[in-house]
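Coordinate inspection notes
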Amino acid sequence: MPLLDIKNLVTAFHTPAGRVPAVDGVSLAIERGKTLGLVGESGCGKSVTAMSILRLVASPGVIESGEILLAKDGGSVDLTKLPEPDLRKIRGGRIGMIFQEPMTSLNPVFTIGDQIVEAVRLHKPVSREQARTKALEMLALVRLADPELRLDEYPHQLSGGMRQRVMIAMALACDPDLVIADEPTTALDVTIQAQILELLADLRRRLGTAILLITHDLGVVAETCDDVAVMYAGRIVERASAAELFAHPRHPYTIGLLAARPGPGGRHDGPLKTIPGMVPPPQHFPTGCRFHPRCAFARLPHCAEEAPSLRTVAAGHEARCHYADELSESDDLGEQRGAPA
Amino acid sequence: MKHSDSHHSRGFWAEAWRRYCRKPLALTALAFVALLLLVAMFAPAIAGTKPVLCRYKGRLYAPCLAYFDRRLEPAIFAKDKFRGTYPKNLAEKDPESWAIWPLVFQDPYRSVRDDEWPGRPANPARDEGRPSRINLFGTDQAGVDVFAKMVHGTTIALLVGFVSMGIAGTIGIVVGALGGYFGGWIDMLTSRVTEIVMCVPTLVLILAIMALLEKPTIWHTMAIIGATGWTGIARLTRGEFLRLRQSEFVTAARSVGAGPVRIMLRHILPNALAPILVPITFGIASAILTESSLSFLGFGPPPPSASWGSILNDARSNLSMWWLVVFPGIAIFLTVLAYNLIGEGLQEATDPRLREARK
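Residues numbered from 1 in each chain as written. Chains lettered and ligands numbered in written order. Predicted model: local features only at pLDDT ≥ 70, side-chain atom pairs only at ≥ 80, totals over all residues.

If you tally the helices and strands in chain B, you get 14 helices and 3 strands. Counting only C-alpha atoms and orienting by the principal axes, one finds that chain B spans roughly 75 × 60 × 40 Å. Expressed as a percentage of the 359 residues in chain B, the buried residues total 42%. Nonlocal contacts in chain B, meaning residues at least 24 apart in sequence, comprise 65% of its contacts between residues at least 6 apart. (Helix = DSSP H or I, 4+ residues; strand = E, 2+ residues; numbered from the N terminus. Buried ≥ 20, exposed ≤ 12 C-beta atoms within 10 Å, placed from the backbone. Contact = placed C-beta atoms within 7 Å.)

Along the backbone of chain A there are 11 helices and 12 strands. Radius of gyration (C-alpha) of chain A: 21 Å, near the 20 Å computed for a compact globule of 341 residues. Dimensions of chain A, computed from C-alpha atoms along their principal axes, come out at roughly 65 × 50 × 40 Å. Expressed as a percentage of its 341 residues, the buried residues of chain A come to 45%. (Rg over C-alpha atoms; globule rule 2.2 N^0.38 Å.)

This part covers helix H4 (residues 128-141) of chain A. Residues and elements named next belong to chain A. Compared with the 20 Å implied by 1.5 Å per residue over 14 residues, the 20 Å span of H4 between its first and last C-alpha is a close match. Listing the buried residues of H4 in full gives Ala131, Lys134, Ala135, Met138 and Leu139. Buried residues in H4, looked at end-on, bunch into an arc of 140 degrees, giving them a common side. If you follow the buried residues of H4, they end up packed against helix H3 (112-121), helix H5 (147-151) and helix H6 (160-172). Downstream of H4 by a residue or two, Arg143 has a phi angle that is positive, lying close to 60 degrees. (Expected span 1.5 Å × (residues − 1). Arc of directions from axis to C-beta.)

On the chain B side, the residues contacting the 27 residues of chain A number 20 residues. Taken together, the elements giving at least two residues each to the side of chain A that touches chain B come down to helix H2 (84-90) and H5 of chain A. Looking at the side of chain A that touches chain B residue by residue, the class counts come to 12 nonpolar, 8 polar and 7 charged. (Nonpolar A, V, L, I, M, F, W, Y, C, P; charged D, E, K, R; others polar.)

Residue and element names in this part refer to chain A. Read across the sheet, 8 strands follow the order E6-E7-E8-E3-E9-E10-E12-E11 without closing on themselves; strand pairing throughout is mixed. The outermost strands of the open sheet, each flanked by one partner alone, are strand E6 (95-98) and strand E11 (311-314). Within the sheet, the average angular offset between the axes of one strand and its neighbour, ignoring direction, is 20 degrees. As paired elements, strand E10 (residues 235-241) and strand E12 (residues 317-319) share 2 bridges and run antiparallel to each other. (Pairing = 2+ DSSP bridges. Axes fitted to C-alpha atoms, helices over the stretch in contact; angles between N-to-C directions.)

As a further point, take the environment of Trp13 of chain B. Considering the arrangement of structural elements, one finds Trp13 of chain B in helix H1 (residues 12-21). With 337 residues separating them in the primary sequence, Trp13 of chain B and Thr350 of chain B have C-alpha atoms 8.2 Å apart.

Should the pLDDT be low somewhere, the predicted coordinates at that spot are not to be read in detail. Residues and elements named next belong to chain B. When pLDDT is averaged along chain B, the result is 83, and 94% of the positions lie at 70 or above. When mean pLDDT is compared element by element in chain B, helix H7 (residues 184-198) scores highest at 93, while helix H4 (residues 75-79) scores lowest at 73. The low-confidence segment residues 1-7 (pLDDT under 50) makes 5 contacts with residues lying over four places distant or belonging to another chain. Scored by ipTM, the complex comes to 0.77, with pTM at 0.77. (pLDDT = per-residue confidence, 0-100.)

A few words now on the packing of helix H6 (residues 146-182) of chain B against helix H14 (residues 323-350) of chain B. Residues and elements named next belong to chain B. Axis separation between H6 and H14 bottoms out at 11 Å; the angle between their running directions is 30 degrees. With respect to their mutual orientation, H6 and H14 come out roughly parallel. For the element pair H6 and H14, the recorded crossing hand is right-handed. Here H6 contributes Val146, Met150 and Ala157 to the contact with H14, which in turn contributes Trp323, Leu324, Phe327, Pro328, Ala331 and Thr335. Split by residue class, the contact of H6 with H14 holds 8 nonpolar, 1 polar and no charged. (Parallel < 35°, antiparallel > 145°, perpendicular 65-115°, else oblique. Left-handed = near helix turned anticlockwise from the far one by under 90°.)

What follows is about the sheet that holds strand E1 (residues 4-15) of chain A. Backbone hydrogen bonds hold the strands of a sheet together, and the pairing may be parallel or antiparallel. Residues and elements named next belong to chain A. With antiparallel pairing, the 4 strands of this open sheet are ordered in space as E2-E1-E4-E5. Strands at the two margins of the open sheet, each flanked by one partner only, are strand E2 (18-30) and strand E5 (75-78). Sheet twist, expressed as the mean angle between neighbouring strand axes with direction ignored, is 15 degrees. Where helix H1 (residues 46-53) meets the sheet, its contacts fall on E1, E2 and strand E4 (61-72), and the angle it forms with E2 comes to roughly 70 degrees.

Take the packing of H6 of chain B against H7 of chain B next. Residue and element names in this part refer to chain B. Close contact between H6 and H7 brings their axes to 7 Å; oriented N to C, the two are set at 145 degrees. Taken as a pair, H6 and H7 cross one another with a handedness that is left-handed. Note on element contacts: H7 touches H6 through Gly184, Ile186, Asp187, Thr190, Ser191 and Thr194, opposite Val175, Leu178, Gly179 and Phe182. Classifying every residue of the contact of H6 with H7 gives 4 nonpolar, 5 polar and 1 charged.

Take a look at the structure:
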């Protein structure tokens, strides 16, 4: 049984301009100890999906339907229907979250130590000294230099990379089963990014925590994830293991994303390939397949009339495309595809 | 401490204090208020007719505390029929007694009688009561020393400021926080209540309550100033909470399992406090001014209780006695000015936009 099973989640924003379905029927499953990467461009709904799991979606967003089942004591509990006090025990206790912006995710008027101690004491009845010891442990775990000094420092005294490590320490402080990392490295420079990713991978190995990694960076996914789900316009369009996805993409969007990466060594013949058009705003989703206006393989009028469902195209591999079976490695867009470096 | 200088962690308030200290005017104002606080606390030791400490019939007493609360006057002095005249009676009834006297032997509630202090005549009254060596600020119509009145009036002035703003601050922060954090119908309710209370005229309400009650005291005045003065604070608090509840660190706190009360008190309030303290400081000045105005008009605490405004009230019918105007007038002016300067200094010290580059 998966650790977290999201079934047909629909999260919509009820704005004065109308109902905007940011997450429109998303299903995901995360197994214990595995890493699932959720990939997509900005605005596809991946962050909203993550926030929906812990019911942190800002109003006017509302989880309209679907289930989010967290494994518990042999059975499962639906997070969308859990009363708030019980949900608070899960937040930080069984599911931890790392946010995108380390610069603003920490309270400026408290020391680092205070904030980690708070995270610990919210879930475990320990004394301040014990919590402080645990905080020190966590800082050492995330490989923050001079943890004793850092404990009494304020967020503004730390760099972005260090703050992100502190966030990771806070999220892991109570040994959660699942960590949701919402674009944890987007706001950091590349060298720090590499360190943070390596840290996450190391922590996963050592602690056995499952990770839901949300990112728009395929390179990050390739390095760290066991499974991948690609999201577009509020829906999952392809789902497979990482190895399978990069080797045999079966959805035009995924193919386009992979083709749009610069090749190794940075040399190109001709301009970079892009996916024409833009991500459609939720108020104006195209009819039929939401990707069809930008799709190089679209076959009108079928693709414009009928929305494809997510179906199995190979073992453990699903794609939301009518013609997924016909897409193969010999396709034109595949010029620069291939397993990542 | 293991920290080296470069690692010296300075919290937000420590930083603000450093910035505040760089402004001499603000520091002077703070020193003045500190001085007032000392005067208010030690008023009976500065001016009074009761000994600060005395030894009588083998035991130690502190009769001066009676100025704070009549019930604190040691019973033995009533029993032995002292009737408030300590110097002579102490010496007569117990030759071995000794006493430590206040700095200025004058009473804020009554005139000093002939020979009460051995060798000194009674306080002059009326026009003869101009400032002299014995009566530093002169005496009023009835011969009561003005300096003593002002020293004891400091207690009232500061009390009015702190108590009424304490009440106003508490109500304002709670109402504003609830509205700003929860939004929705709670916000609508609190905003409407705030607007209704804003329309209530403070001064008129105090006068009305004074008229209705049999024994109005200064505590009633303070309560009403507090109960009507919280609206500006509430609006400011609401704005700050509205802004801060969308912060990333609030979401991060929720993701770690913090509940709404914890988030409001521990996470948002410390971040919101700086701008809220400013109108509270100005409110203290305003409360002092309101109380002085009421006393000046004759609606202050009834005699014998002395406040600066009531001295001014005396002055109304005795304009030739300039000392009744000048001294309390200057005191009120300086106090209100000091609080305003403190509020301004606080504002500049905590406003991130006005900060100079960090050194």
